[in-house]
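# Fold and contact review
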Amino acid sequence: MAITITENAKLQINEMMKNEDEQSVNLRFGVKGGGCSGLSYALGFDYDITDEDEQIEVNGIPIAIRKEDIPIVEGTTIDFKQNMMGGGFTIDNPNAIVSCGCGSSFKTKTNAGSPEKC
């Protein structure tokens, strides 16, 4: 399982993790159906890990990913970029063959998801 978290993303995630109650929190990364192109990224914190999850550590960040999402997000880079409008996470997924204009939804060669009207 290969995911990259840039140094900027690591700093931002660590800062956000300081607001979590427990030390056992994981960054939850994966996909869900929806969006203009069919799939959307899911990024948040999670304390509950099940047998359906793969746990990895990247750049010192504990990550939980549903096993079924691994082929879709393999090789993805998570970054954090700051600009005049604020900052936000960016996700560069080499498996995405189509993305919507805003970049928050996509589809892959093997998974079209369930597109919604935008």
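As shown above, the structure is provided for reference.
What this report covers is the structure whose coordinates are included nearby.

## Structural notes on the nonpolar core
If you look at the biggest cluster of nonpolar residues, it comprises 21 residues, and the most contacted ones within it are Ile5, Ile13, Phe29, Ile61, Ile63, Ile65 and Val73. Mapped by element, the contributors of at least two residues to this core are helix H1 (7-17), strand S2 (26-33), strand S3 (39-46), strand S4 (53-58), strand S5 (61-66), helix H2 (70-73) and strand S6 (77-83). Not counting residues within four places of it along the chain, the set of residues in contact with Ile13 comprises Ile5, Leu27, Phe45, Ile61 and Phe89.

## Remarks on the pairing of strand S7 (residues 86-92)
Every other side chain in a regular strand lies on the same face of the sheet, so the side chains alternate between the two faces. Where S6 lies against S7, seven bridges are found, and the strand directions are antiparallel. The residue bridging Lys81 from the neighbouring strand is Gly88, located in S7. In sequence, S6 turns back onto S7 through a hairpin of two residues.

## Description of the sheet that holds S7
With respect to topology, three strands assemble into an open sheet ordered S1-S6-S7, the strand pairing being mixed. For this open sheet the edge positions go to strand S1 (4-5) and S7, each flanked by a neighbour on one side alone.

## Some words on the pattern of salt bridges
Going through the model one piece at a time under the given rule, you end up with five salt bridges. Note that Asp46 is salt-bridged to Arg28, the shortest N-O span being 2.9 Å. In this pair, Asp46 is assigned in strand S3 and Arg28 in strand S2, connecting sequence segments 18 residues apart. With respect to burial, Asp46 and Arg28 carry one shared label: buried. Note that Asp53 and Arg28 form a salt bridge whose closest N and O atoms lie 2.7 Å from each other. Taken together, the residues Asp53 in strand S4 and Arg28 in strand S2 connect sequence positions 25 residues apart. Exposure class is identical for Asp53 and Arg28. Each is buried. Salt bridges linked by common partners bring Arg28, Asp46 and Asp53 together as one network.

Reading the values: the criteria
- Residues numbered from 1 in each chain as written.
- Predicted model: local features only at pLDDT ≥ 70, side-chain atom pairs only at ≥ 80, totals over all residues.
- Heavy atoms only, no water.
- Core = buried A, V, L, I, M, F, W, Y, C linked by side-chain atoms within 4.5 Å.
- Buried < 20%, exposed > 50% of the residue type's maximum accessible area, 1.4 Å probe, protein only.
- Helix = DSSP H or I, 4+ residues; strand = E, 2+ residues; numbered from the N terminus.
- Contact = heavy atoms within 4.5 Å.
- Pairing = 2+ DSSP bridges.
- Salt bridge = Lys/Arg side-chain N within 4 Å of Asp/Glu carboxyl O.

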